[in-house]
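Chain and residue survey
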Amino acid sequence: MHRALPVAIRKGNNAMHVSTSPKFRENAHDALLDQSLQRALGRLKTGFKDKRSAAIAALPEFEALRDKAVEIKNHTLENLDHYLTAFEANVKANGGHVHWCKDSEEACQTILKICRDKDAKSVLKGKSMISEEIGLNAFLEKQDLQVVETDLGEYIIQLRHEPPSHIIAPAIHVHKEQVADSFRATHKGRDPNRVLDEPRDLLDEAREVMREHFFAADIGITGANFLIAETGTSVIVTNEGNGDLTQTLSRVHIAVASLEKVVPTLEDASTILRVLARSATGQEMSSYTTFSTGPRRAEDLDGPQEYHVVLLDNGRSNMLGTDFQDMLRCIRCAACMNHCPVYGAVGGHAYGWVYPGPMGSVLTPSLIGINQSGHLPNASTFCGKCEEVCPMRIPLPKMMRHWREREFEKHLGASSVRYGLKGWAFMASRPRLYRAATGLAARLLRILGGGRGALRSLPFAGGWTQIRDLPVPEGKTFKQLWEEQQKNKSRQDGGPK
Amino acid sequence: MTSPIPPVRPRVGLFVTCLVDMFRPTVGFSAVKLLEDAGCIVDMPMDQTCCGQPAFNSGDRDSAKKVARPLIAMFAGYDYVVAPSGSCAGMISKHFPELFADEPAILADVKALSAKTHELVSFLTDIMQVKTLNVQFDGTVTYHDSCSGLRELGVKQQPRALLQTVSGLAIREMKEPETCCGFGGTFCVKYPEISGKMVGDKTADIAATGATTLLAGDLGCLMNMAGKLRREGSDIEVRHVAEILAGMTDHAPGIAGRDPEGK
Ligand code: SF4
């Protein structure tokens with residue numbers, strides 16, 4: 001069994017860590033009725049997708065790079081202990097610290113201890129999904145530490161007390177008018193009549209507010225897109241430069257990363273970087289790619305006095321050697337959710353936990369248990385678009401199917417579905433019975449259709465007819481007609497051949 | 001994949017699919033006509049039922065195997081197995097080896113079956129080297145790329161190439177022909193609201209083309225889209241692409257279409 005998040009953290013005041021995944025259906029219902037959300041999701045239909053296609057069209061070797069990236073990650077996962085040990089040794093050699101943590105609780109406590117040791121009052125944060133996963137903000141705030149998100153999107157949802165709804169665009173569900181409202185409510189002492197109409201105005205104001213925080217920061221916490229074993233470096237990519245400031249201006253830099261972020265060499269990281277930004281935002285590279293190797297050296301002009309890496313397992317090692325190992329190749333580019341029609345219909349919050357979209361539908365059950373998140377791998381048409389665009393060629397639909405298998409084995413799904421399938425299999429493995437039953441059903445539906453060609457409703461078919469009419473059969477089944485035809489033929493040909 | 005010299009009078013076992021069998025035999029007969037015209041000897045093993053996909057995709061491997069297993073022997077004697085569906089052909093050609101991976105005794109047979117199984121239209125163009133068809137259809141059509149055919153089997157240009165040879169026919173592409181219609185097998189009844197949003201977006205895209213006929217290569221998707229169009233009161237006619245290619249549109253009104261007056 002995978003370890004679930006510690007209860008203490010799940011019950012934190014940040015709503016995200018109480019999973020609402022079991023209520024996916026209700027969440028989706030609400031999301032579909034939420035006009036403002038639907039308007040925001042409408043923008044997603046083009047945006048990232050078009051930019052990604054353009055970026056890929058401009059790079060003929062993209063497919064080859066994908067293969068290379070997959071190979072690098074597969075090799076690393078097969079030798080994970082080796083590369084993690086090497087990474088640790090190199091961080092230490094550079095004067096940094098590595099903290100191995102098995103779960104959220106340990107990671108949060110470790111981070112808290114570093115804060116306490118430094119007498120810290122405030123914590124700056126770069127955008128990090130892993131910190132969402134471990135419920136870090138809620139945990140630190142409970143300990144009376146002030147936590148400030150420095151990524152604009154994260155900052156916006158922090159002000160709105162919401163979880164992110166997308167892994168690279170956390171506030172994608174929010175409109176600029178709503179952001180202006182949050183800013184007016186939070187940024188006191190400013191002219192209440194100031195203009196906050198354009199994204200530029202909002203960005204400028206956020207910058208000003210943020211600047212004060214940057215100079216006062218004790219601790220800067222970031223995630224990591226990569227950990228480089230050969231150099232002991234953590235790497236982050238951002239578009240706002242906030243991550244840079246977070247880790248260089250703070251006295252102490254803590255990078256939180258899960259085990260699978262490690263890659264062997266700098267060269268490997270640059271290979272994967274080439275597919276990452278293109279898949280994510282359609283950029284060739286993100287605006288800032290920052291490499292952190294140890295604390296400030298005597299000759300450095302800036303940099304933190306201390307450098308810590310919190311290396312977190314939190315269920316990853318349990319995925320090794322299972323059907324779900326491939327998921328550990330994920331580089332969190334979000335291409336899968338940008339292209340997912342289900343995500344596009346309901347948005348990220350409906351998924352009910354940290355990671356939405358196809359990658360979340362595979363990862364979430366690994367991290368919080370399939371009994372909590374059974375809807376997620378089920379709510380897919382298996383259209384395969386996610387796998388098509390995933391730069392790391394992760395077979396997402398196949399892994400969702402594996403979760404359905406686990407669920408079926410554990411008798412977690414609806415028993416009506418279970419018996420339905422068994423009954424259907426019974427029929428479908430008895431050809432004569434099957435022929436008789438389908439022949440009858442076809443005729444019956446035909447009669448019910450009464451020449452209208454389709455039915456508006458039908459008992460036990462509510463799931464279908466709630467949305468659309470049910471086309472009725474032509475009348476006889478193909479097999480009935482085929483048999484008749486063959487008989488006629490052989491009669492004409494003068495007996496069976 | 002593409003063999004320049006088509007096989008001579010290959011024996012083709014038609015896998016008619018459970019939906020075509022029960023709902024739309026015209027598609028099956030269109031397939032037979034197209035295959036025979038292309039020089040194949042077509043047979044349809046009577047004991048076939050379904051490929052097992054509904055169970056496979058629901059996580060019920062045992063039921064999937066139970067339904068799938070008989071097909072291995074049933075189709076062993078044919079040169080090719082052809083289905084008028086990318087989804088069912090994909091199940092047999094891409095997923096059977098995975099489904100039976102834990103049964104080494106029959107795996108070779110399973111792989112042989114998988115290797116010779118094809119979706120109808122791509123079989124006609126890629127294996128039988130059919131380049132043109134001598135049929136007529138007066139109308140503007142739009143073509144939806146069903147997901148499994150498109151992504152598992154690479155069916156994309158083949159139907160368009162053949163449709164272009166139909167005289168009187170014009171193709172008008174929708175904005176997002178490759179976006180899923182929201183059918184997804186049991187998905188459409190398990191999550192009707194999400195499916196409803198997806199198929200609603202799809203029918204809007206279809207209507208915006210101004211085409212009078214919607215075509216696709218998979219009956220599941222077609223029934224979903226036809227049912228939605230009908231619910232919306234649209235009179236766009238919905239057909240399986242094989243019906244047009246075989247010139248058999250007079251055999252039945254469009255999917256979910258009313259019977260002609262006086263019939
Ligand atoms: S699963 Fe693939 S597409 Fe989705 S976030 Fe991960 S790497 Fe990107």
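Residues numbered from 1 in each chain as written. Chains lettered and ligands numbered in written order. Predicted model: local features only at pLDDT ≥ 70, side-chain atom pairs only at ≥ 80, totals over all residues. Heavy atoms only, no water.

So, on to the overall build of chain A. Along the backbone of chain A there are 26 helices and 12 strands. Across the 497 residues of chain A, 57% fall into the buried class. Here chain A displays about 21200 Å² of accessible surface, and carbon together with sulfur accounts for 53% of that area. Seen as two clouds, the 64 positive and the 59 negative side-chain charges of chain A have centres 10 Å apart. (Helix = DSSP H or I, 4+ residues; strand = E, 2+ residues; numbered from the N terminus. Buried < 20%, exposed > 50% of the residue type's maximum accessible area, 1.4 Å probe, protein only. Areas by Shrake-Rupley, 256 points an atom, 1.4 Å probe, with all protein chains shown as cover. Lys, Arg positive; Asp, Glu negative; His and termini not counted. Charge placed at Lys NZ, Arg CZ, Asp CG, Glu CD.)

All names here are of chain A. In the vicinity of the ligand there are 13 residues, among which Cys330, Cys333, Ala334, Cys336 and Cys390 approach most closely. With respect to the detected pockets, the ligand is housed in the second largest cavity. Of the residues in the shell around the ligand, the class split is 12 nonpolar, no polar and one charged. (Near = heavy atom within 4 Å. 1 Å grid on protein atoms, 1.4 Å probe; cavity = no way out; pocket = protein on both sides within 12 Å on 5 of 7 lines; lining within 4 Å. Sits in = over half its atoms within 2 Å of the grid points. Nonpolar A, V, L, I, M, F, W, Y, C, P; charged D, E, K, R; others polar.)

Once that is clear, we can look at empty space enclosed by the protein. Residues and elements named next belong to chain A. Scanning the entire structure with this criterion turns up four cavities of 30 Å³ or more. Here the largest cavity is characterised by a volume of approximately 130 Å³. Along the wall of the largest cavity there are 18 residues; nearest its centre are Cys340, Pro358, Ser380, Cys386 and Met400. Of all elements in the fold, only α17 (341-346), α18 (357-368) and α21 (385-389) reach the threshold of two or more residues within the lining of the largest cavity. (Points joined across faces, edges and corners; volume = space filled by probe spheres on them.)

Right, let's get into the interface of chain A and chain B. Of the residues lining the interface, 67 residues belong to chain A; the matching set on chain B comes to 70 residues. Contact between chain A and chain B buries roughly 6100 Å² in total, counting both sides, with carbon and sulfur atoms accounting for 60%. The three residues of chain A that bury the most area against chain B are Glu474(A), Phe478(A) and Trp482(A), which together make up 12% of that side's buried surface. At the surface where chain A touches chain B, the tally comes to 10 salt bridges. Across the salt bridge formed by Glu176(B) and Lys49(A), the nearest N and O atoms sit 3.9 Å from each other. Across the chain A-chain B interface, the total number found is 30 residue pairs in polar contact (both at pLDDT 80 or more). (Contact = heavy atoms within 4.5 Å. Buried area = accessible area lost by both parts, 1.4 Å probe. Salt bridge = Lys/Arg side-chain N within 4 Å of Asp/Glu carboxyl O. Polar contact = N/O pair within 3.5 Å; in protein donor to acceptor, adjacent residues only side chain to side chain.)

So, about the nonpolar core. Within the largest apolar cluster, 76 residues are counted, with the highest numbers of intra-cluster contacts made by Phe24(A), Met327(A), Val346(A), Tyr355(A), Met359(A) and Ile194(B). Top contributing element to this core by residue count: helix α14 (residues 266-280) of chain A, with six residues. Beyond its immediate stretch of four places on either side in the chain, Met327(A) contacts Met319(A), Met359(A), Val362(A), Leu363(A), Ile394(A), Leu396(A) and Met399(A). (Core = buried A, V, L, I, M, F, W, Y, C linked by side-chain atoms within 4.5 Å.)

In this section: the sheet that holds strand β3 (residues 80-83) of chain B. Residues and elements named next belong to chain B. Taken together, four strands build an open sheet; the order of strands is β2-β1-β3-β4 and the sheet is parallel. The open sheet is flanked by β2 (41-43) and β4 (117-119), the only strands paired with a single partner. Geometrically, the sheet is characterised by an average inter-axis angle of 35 degrees between neighbouring strands, direction not taken into account. As defined by bridge partners, strand β1 (residues 11-14) adjoins β3 across three bridges and the pair is classed as parallel. Bridge pairing in β3 places leucine 14 opposite valine 82. Packed onto the sheet, helix α2 (residues 25-37) meets β1, β2 and β3 and runs at close to 170 degrees relative to β1. (Pairing = 2+ DSSP bridges. Axes fitted to C-alpha atoms, helices over the stretch in contact; angles between N-to-C directions.)

Residue and element names in this part refer to chain A. The element strand β6 (residues 233-238) is extensively covered by neighbouring structure, given that six of its six residues are classed as buried. Residues Thr233, Val235 and Val237 point to one face of β6 and Ser234, Ile236 and Thr238 to the other, with burial holding for every one of them. The sheet contact formed by strand β5 (residues 226-228) and β6 spans three bridges and is antiparallel. Residue pairing across strands places leucine 227 opposite serine 234, the latter belonging to β6. Where β5 folds back onto β6 in an antiparallel hairpin, the turn is made up of four residues, including glycine 232, whose phi is positive at roughly 70 degrees.

Summed over the entire model, instances satisfying the criterion amount to 47 salt bridges over all chains. Note that Asp47(B) and Arg435(A) form a salt bridge whose closest N and O atoms lie 3.3 Å from each other. On the criterion of chain membership, the pair formed by Asp47(B) in the loop between β2 and α3 (53-56) and Arg435(A) in helix α24 (residues 431-449) is interchain, its members lying in two chains. With a relative accessible area of 40%, Asp47(B) lands in the partly exposed category. Judged by relative accessible area, which is 19%, Arg435(A) ranks as buried. Between Glu103(B) and Arg69(B) there is a salt bridge; the shortest N-O distance is 2.8 Å.

Okay, the packing of aromatic side chains next. One pass over the full model with this rule turns up 14 aromatic pairs over all chains. On the basis of an interplanar angle of 65 degrees and a centroid distance of 6.1 Å, the ring pair of Trp353(A) and Tyr355(A) is categorised as edge-to-face. For Tyr355(A), a relative accessible area of 1% translates into the label buried. Measuring from ring centre to ring centre gives 4.5 Å for Phe478(A) and Phe29(B), while their planes differ by 45 degrees; the resulting arrangement is tilted. With one member in each of two chains, Phe478(A) in helix α26 (residues 478-492) and Phe29(B) in helix α2 form a pair that bridges those chains. With relative accessibility at 0%, the residue Phe478(A) sits in the buried group. (Phe/Tyr/Trp six-rings, centres within 6.5 Å; stacked < 30°, edge-to-face > 60°.)

Here we come to the state of the cysteines. Applying the stated rule across the entire model yields zero disulfides over all chains. With no disulfide partner, Cys340(A) has as its closest neighbouring cysteine sulfur the one in Cys383(A), 6.6 Å distant. The buried category is assigned to Cys340(A), whose relative accessible area is 14%. Left unpaired, Cys221(B) is separated from the closest cysteine sulfur, that of Cys181(B), by 4.4 Å. (Disulfide = S-S within 2.5 Å.)

Our next topic: helix α11 (residues 176-186) of chain A. All names here are of chain A. Considered for burial, the residues of α11 that qualify are Val179, Ala180, Ser182 and Phe183. Seen along its axis, α11 keeps its buried residues to an arc of 165 degrees; they face one direction. Elements that come into contact with the buried residues of α11 comprise α10 (152-159) and α12 (199-216). (Arc of directions from axis to C-beta.)

Let us now look at the domain arrangement of chain B. Interface size, as often reported, equals the accessible area lost upon joining of the parts. Residue and element names in this part refer to chain B. According to the domain assignment, chain B consists of domain 1 (11-126) and domain 2 (132-251). Distance from the C-alpha centre of domain 1 to the C-alpha centre of domain 2: 22 Å. Each partner contributes residues to the interface: domain 1 has 28 residues there, and domain 2 has 24 residues. Contact between domain 1 and domain 2 buries roughly 2100 Å² in total, counting both sides, with carbon and sulfur atoms accounting for 70%. Of all residues in domain 1, the largest losses of buried area upon contact with domain 2 belong to Arg24, Leu34 and Val121, amounting jointly to 22% of the total for that side. For glutamate 243, the salt bridge identified is with arginine 24, shortest N-O distance 2.6 Å. The tally of links from domain 1 across to domain 2 stands at seven residue pairs in polar contact (both at pLDDT 80 or more). Looking at the side of domain 1 that touches domain 2, the elements with two or more residues in it are α1 (18-23), α2, α5 (86-99) and α7 (120-127). Examining the composition of the side of domain 1 that touches domain 2, we find that eight residues originate from one element, α5, more than from any other. (Domains from an automatic or database assignment.)

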